[in-house]
Amino acid sequence: MPATITSALRRPTIEEQMKRTTLVAALLVVATAASAQSPARQAPPATLITHATVLTVTKGTLTDTDVLLQNGKIAAIGKNLTAPAGARTIDASGEFLLPGIIDPHSHMMSDATNEGSLSVTSMVRIADVLNPTDDHIYDALAGGTTTLNILHGSANTIGGQNAVVKLKWGRPVSEMLFPGAMPGIKFALGENVTRKNSGRFIVIGQPQPQPRYPTTRMGQEEVLRDAFTRARDYQAEWNDYRAKVAKGDKNLVAPRRDLELEPLVEILEGKRWVHAHSYRADEMLMLLDLADEFGFKVRTLQHALEAYKIAPEIAAHGTGISTFADMWGYKIEAYDAIPYNVAVTMRAGVLSTINSDDDGRARRLNIDAAKLVRYGGLTDDEALATVTINGAKQLGIDAKVGSIEIGKDADVVIWDAHPLSVYSRPVTTFIDGEIFFDRDQDAAMRKSLAEERKTLEAAEPNKLPQSGRGAGRGAAPAETPAEEDHR
Amino acid sequence: MHLSVRLSGVAALAVLLAPPSSAQHPAVPPTTWAITGARIEPASGPVIEKGTIVIRDGLITAVGADVRAPADARIVDGDGLTVYPGLIDASTSLGMPSRGGGGGRGQAATPQPSGAPNSNYGLGMQAEIRAATELEPAADGFKAAHGAGFTAALTAQGSGIFRGTSAVITLRDAPVPALVVRDGIAQHIGFSRGGGGGFPGSLMGVFAQLRQELLDAQHYRDLKAAYARNPRGMNRPDHDPTLEALQPVLAGTMPVVMAANSEREIIRALDLAKEFGLKPIIAGGREAYKVTDRLRAENVVVLLDIDFPRRTAPTGGRAAANEDPVPERMDVLRDRVELPKSPGRLAGAGVRFAIASGNDYTNFLGNARHAVEAGLDPVRALKAMTIDPATLFGVSDRLGSIEVGKIANLTLVKGGLFDESAKITQLFVDGNRIEIAAAAAPSAGTGETPRRGAPGDDTRTEQANASHDH
C-alpha cells in the first residue's frame, strides 16, 4: 500500500493546519457546552467530509469521495456534495474514512467486573455499574473505537448481563447505552471458572477459601443444565399464571419475580444472546450441544482459540466467534492456538471478529485486524469487517453501525493513513455526527489542562501544610503527561 | 422514663439544698440554668444581641433580652459567648454497635452471624434493624461530636446494603431510651455489603440484591393483601420481618437515605429510587453539586458531608524522599479546591441540604468555616446544621432552634461559629451542661502530621487551626 505510507509520512501543510485550527476553536465551544448537566442537547451541526478515501467495508472502497453527516446519520455519500447551510466542512484529502471500530469484548468503564460469589449470577447487570467518565474511553476514541460490548467477567458459568455502549465520553450512562442493541449475557467455561474459589490457591494471612462448585468442566455442564431446567419451570409457572389471567381469573397473585431466572427465560425465548467465554474445542461443542438440547442459540464464543478445529460445527450452529489475532499461551487452555483462527473459521462460514478484552488493545484493534491480512490472507475488507460490521452483527446493531452506508449512524473515523497500516492514526472520531476525539482538539486540551494544573497546584488547599518543605512544589512539572491529566 | 422523672425530682431537691457555690460539684446535676448576657442566634428568628435563656428540667422555658434569671437557676455568664441551637449531625452512626461481617475473603459457605433474630436475610440486608433498639453508645462515645458542637444526630447502622431505620438521638451519657427523640426516620441504604462472604460480592450484585429484595417486598405485600381479603383455601404467607420493614418504603411513607458520593453513585441511587417509586435522600453527596439540576427537579434533599479533603504532609521515609514526588492526580487537586464551594453551590442552585460532619469532628468547624468562606451564606449554614435537619427528620417542634418549650439543646461558642477563632466552650443536651475541656495537646502517632488533634480530642484548637488553614 504505497499510498498509505506516503500519506502517513508527509507533513501537514500550513493550509491544513489552518483548517484544523478553525475546527478546534469550534470544537472547544462544543466541549464546554457538553459538560453542562442539562440533558437537552442541541443536535450537532452537519459535517461534510470531502475528498476522503472511504472504506465502506460493505460496499468497497470509494476514492476522492464526500460524506455528509447530518442529524446524527450518514446522510449522503458521493462526489462533489454541497454542504448544507451551517455545516462545517472538513477537507480529508489524502485521509481515510472508516466506520467506528466495534470491540465485541471489553471490561472498560465498569466499576465491577465479576460477581463471582455464585455459579449463576444472571441477575447482575453491567449497566448498573458503568463509569461514563473513565479515561480509557477517551483513549479508545483516540484509537478510532466507538462501540464496546462490555461483558461480565469469566469467574462463573453463568455471569451477568452485558451492556453495549457508544463511547460518548463524559455523557450520562443513559446517553451511552446503545439504543436497540440486543440484550446479552456472559457465560464462561473452562479454567477461569474452575480456578475461581477452587481452594487450590492459598493466600498467606487469609482464611483458606472454600471451593465453589463447580471445579470441573463436568460441573459446568451440570450448572448450565440445572439453571435452564429451573428457568423452564419458572417460565411454565408464569405462562400458567398468564393463561389463568387471560381466562378471567382475577384473584390470582402473580408469581414471585426471580431476577436470576428471568434472563435465562429470555435466552430460551430468543430475546437475549449468549456470549460464552471458552477456549477448548470440547467445551465449545458441549455448550453448542446443550444449547440444542434447550433450544437456544449461542450468539458468540468468546476467545474461542480452538475454534479452527471445529469451524464447520460452529458455522452449522449459526454461532460466531470473537477471538484474538495472535495472543495465546497465557494458560494451559490457551496453548493450542494459531494465528489463522479467524481466517479458517471465516472461510468455513463463521461470523468472526477480533476483540480487545483489554483497555490498551481497544485503541489499536486496527493493527490486530491487519495481522489477519498477514497471517490468514484476508482481503482488506474482510480484515476490517472483523473489527466493524461483523461485531455489529454479533451485537444486533448492524442496521445502525459497522459500515459506511446512507442512513446508518454517523459513527465514523477519519484516519491519516490506511487503518491497516501501522503508521495510521485517527484524526477525528465522530459518534452520531458529533466529534468525540480530534487530534488538534486534544493538543488544545492538553494545554488547557496543564494550565489548570498550574493554577490548582498554586491554590491554597493544595499547598503542603507547614510550607517549609513544600515551598518549591508550586512550580510542579509543567510538562505533565497528558495521560495523567485524563485520569 | 420513670428513671429520668425521678432523677429530675431528686436533682431539683439537690439544687435547693446545695450551697450556692459554683466551684463545688453537686452530687446530682442541677436542672435549672440561666445563660445570661449572651448573644443568641435562635435560627428561627432574629438575633438577640444580649439576652438570657432559661432552662428547666431539660426544656427551654424562657428566651429574650428582658428575661431575668430565676432565683434557683445556676448562672452561666454569657458575656462574649454566642448561643446557638444545639448542632445536629445529619448523618452518623453514633452509638451504633459495629457489625463487622464475620467471614473473610471467599468464605462463601461460612454461615454469617445473624444480626436481627428470625431474619430470612443475611447480615447487611436486614431492613428490620432499628437504630433505636440497637444503640449501644460507649462511655464517652459522643465526646468527639461534643467537641465539634453537636448535641443531637441522626444515627443508623453504618454498613451493609439495607441498613435498617434511623433515629434522631440526643448526645449525652444516659440510658438509651432517654436518648431517642424520634424513631423510624428513614430506611438507610448503602451500596456495599461491608464484609462477609457470599452473594452479593460486587457492586453489580448489590444492585441485584436491592432489586430482588424490593420485588420480594412487593410480592409479600400482594400475598398478604390477598390473604387478608380471603384466607380460605390459601396458605398463609410466612411472616417476614425484613419485607415487613420495607412496606413503608414501598408505600412512600418513609424516605430512604442512600449513601452516594460521586456523581455516578448519586445518579445510580436516584435511578434505583425512581425504578421502585422510593423517596430518596442522598447521604454523603460529595459531588452533588454536579447533579443539582436533577436533585432540584426531583426535590431530593442531600445530607452533605463536609469532611473536605486536605493536603497532608508526607511522612517518614516518603517525606525524606520527597525530592521528586509523583504529581498528584488532577481530580485530587480539583477536589481540594472545589469541594468547599459545594455547599454554597447547592444553596445557589436551590437544592435542599443539611450538613453532616462526615465523621470528621476534629475539623468540623474549620470545614464549616471554609464552606462559608467559599460562598455559603452563614445564616443558611447555621440552619443547615440546626432547624433544617430538624424539619427534615420531623422533630422541628422539639429541636433545631432556640424557642420556649423546645428541648434544651444548645451550643455555646466563644466568638461566632464561623470565625477562625471560634471555640466551643460548653453544650447543653437535654438541659444537661457539658463542659468542653480546654484544648488537648495534638496527639502524636496518627501517621498524618497535620490532623487537628486526633478523633476523641475534646475540641479543636485555635493553634491547630492555624497550622492548617493558611
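Residues numbered from 1 in each chain as written. Chains lettered and ligands numbered in written order. Predicted model: local features only at pLDDT ≥ 70, side-chain atom pairs only at ≥ 80, totals over all residues. Heavy atoms only, no water.

J.: Any chance you could explain the overall build of chain B here in plain terms?
T.: The secondary structure content of chain B amounts to 16 helices and 18 strands. Looking at chain B residue by residue over its 470 residues, the buried ones come to 53%. Contacts in chain B between residues far apart in sequence, at least 24 positions, make up 67% of those at least 6 positions apart. Carbon together with sulfur atoms contributes 51% to the accessible area of chain B, which is approximately 19,700 Å² in total. (Helix = DSSP H or I, 4+ residues; strand = E, 2+ residues; numbered from the N terminus. Buried < 20%, exposed > 50% of the residue type's maximum accessible area, 1.4 Å probe, protein only. Contact = heavy atoms within 4.5 Å. Areas by Shrake-Rupley, 256 points an atom, 1.4 Å probe, with all protein chains shown as cover.)

J.: Would you mind going over the pattern of salt bridges with me for this structure?
T.: Pairs can form between side chains of opposite charge whenever their charged atoms are close. In total, this model carries 59 salt bridges over all chains according to the counting rule given. Close ionic contact of A:Glu333 with A:Arg217 constitutes a salt bridge, the shortest N to O distance being 2.8 Å. Taken together, the residues span a long stretch of sequence, with A:Glu333 in the loop between strand E13 (320-323) and helix H10 (341-347) and A:Arg217 in helix H6 (residues 217-246) at a distance of 116 residues. Given the relative accessible area of 2%, A:Glu333 is considered buried. A:Arg217 gets classed as partly exposed once you look at its relative accessible area, which sits at 23%. With a shortest N-O distance of 3.2 Å, B:Arg39 and B:Glu49 are connected by a salt bridge. One end of the pair, B:Arg39, is in strand E1 (residues 32-40); the other, B:Glu49, is in strand E2 (residues 48-56), and ten residues separate them in sequence. (Salt bridge = Lys/Arg side-chain N within 4 Å of Asp/Glu carboxyl O.)

J.: In this structure, what is going on with the sheet that holds strand E14 (residues 301-305) of chain B? I would like to understand it.
T.: Pairing between the strands of a sheet comes from backbone hydrogen bonds, and it takes one of two forms, parallel or antiparallel. Residue and element names in this part refer to chain B. Strands sit in the order E8-E11-E12-E13-E14-E15 across an open sheet of six strands; the sheet is mixed. The open sheet has two edge strands with one neighbour each: strand E8 (160-165) and strand E15 (353-356). Strand-to-strand twist of the sheet, defined as the mean angle between neighbouring strand axes without regard to direction, takes the value 20 degrees. Alignment of strand E13 (residues 280-284) against E14, held across four bridges, turns out to be parallel. In the sheet register, Ile282 faces E14, and the bridge partner there is Val302. (Pairing = 2+ DSSP bridges. Axes fitted to C-alpha atoms, helices over the stretch in contact; angles between N-to-C directions.)

J.: Teacher, can you tell me more about the packing of H6(A) against helix H7 (residues 261-268) of chain A here?
T.: Residues and elements named next belong to chain A. Here H6 crosses H7 at 90 degrees, and the two axes come no closer than 9 Å. For the element pair H6 / H7, the angle class is roughly perpendicular. For the pair formed by H6 and H7, the contact residues are Ala227, Phe228, Arg230, Ala231, Arg232, Tyr234 and Gln235 on the first element and Leu261, Glu262, Leu264, Val265, Ile267 and Leu268 on the second. A class-by-class count of the residues in the contact of H6 with H7 yields nine nonpolar, one polar and three charged. (Parallel < 35°, antiparallel > 145°, perpendicular 65-115°, else oblique. Nonpolar A, V, L, I, M, F, W, Y, C, P; charged D, E, K, R; others polar.)

J.: Please explain the pairing of strand E18 (residues 432-435) of chain B as it appears in this structure.
T.: Along a regular strand, successive side chains alternate from one face of the sheet to the other. Residue and element names in this part refer to chain B. Pairing between strand E17 (residues 423-429) and E18: four bridges, direction antiparallel. Looking at the pairing, Leu427 lines up with Ile434 of E18. Turn length for the E17-E18 hairpin, with the two strands adjacent in sequence and antiparallel, is two residues, and the turn residue Asp430 shows positive phi of about 50 degrees.

J.: What should I look at first to understand the packing of aromatic side chains in this one?
T.: How two aromatic rings sit relative to each other is given by the distance of their centres and the angle of their planes. Within the structure shown, the criterion is met by 14 aromatic pairs over all chains. A ring pair is formed by A:Phe228 and A:Phe294, whose centres lie 5.7 Å apart and whose planes are at 40 degrees; its orientation type is tilted. Linking A:Phe228 in helix H6 with A:Phe294 in helix H8 (residues 281-294), this pair joins segments that are 66 residues apart in sequence. One exposure class covers both A:Phe228 and A:Phe294, and it is buried. Measuring from ring centre to ring centre gives 5.3 Å for B:Phe191 and B:Phe207, while their planes differ by 25 degrees; the resulting arrangement is stacked. Residue B:Phe191 is located in strand E11 (residues 187-192), and its partner B:Phe207 is located in helix H5 (residues 203-229); the two are separated by 16 residues in the primary sequence. Accessibility classification places B:Phe191 together with B:Phe207 in one group, the buried group. Three or more aromatic residues joined by ring pairs form one cluster here, namely A:Phe187, A:Phe228, A:Phe294 and A:Phe296. The lysine or arginine in question, A:Arg299, covers the ring of A:Trp273, its NZ or CZ lying 3.9 Å from the ring centre. It is A:Arg374 that lies over the ring of A:Tyr375; its NZ or CZ is 5.2 Å from the centre. (Phe/Tyr/Trp six-rings, centres within 6.5 Å; stacked < 30°, edge-to-face > 60°. Lys NZ or Arg CZ within 6 Å of the ring centre and 35° of its normal.)

J.: Just checking my understanding: could you explain the confidence of the model for chain A for this structure?
T.: When pLDDT is averaged across chain A, the result is 89; 85% of the residues are at 70 or more. Taken as a whole, residues 1-36 of chain A scores under 50 in pLDDT and shows 44 contacts with residues more than four places along the chain or in a different chain. (pLDDT = per-residue confidence, 0-100.)

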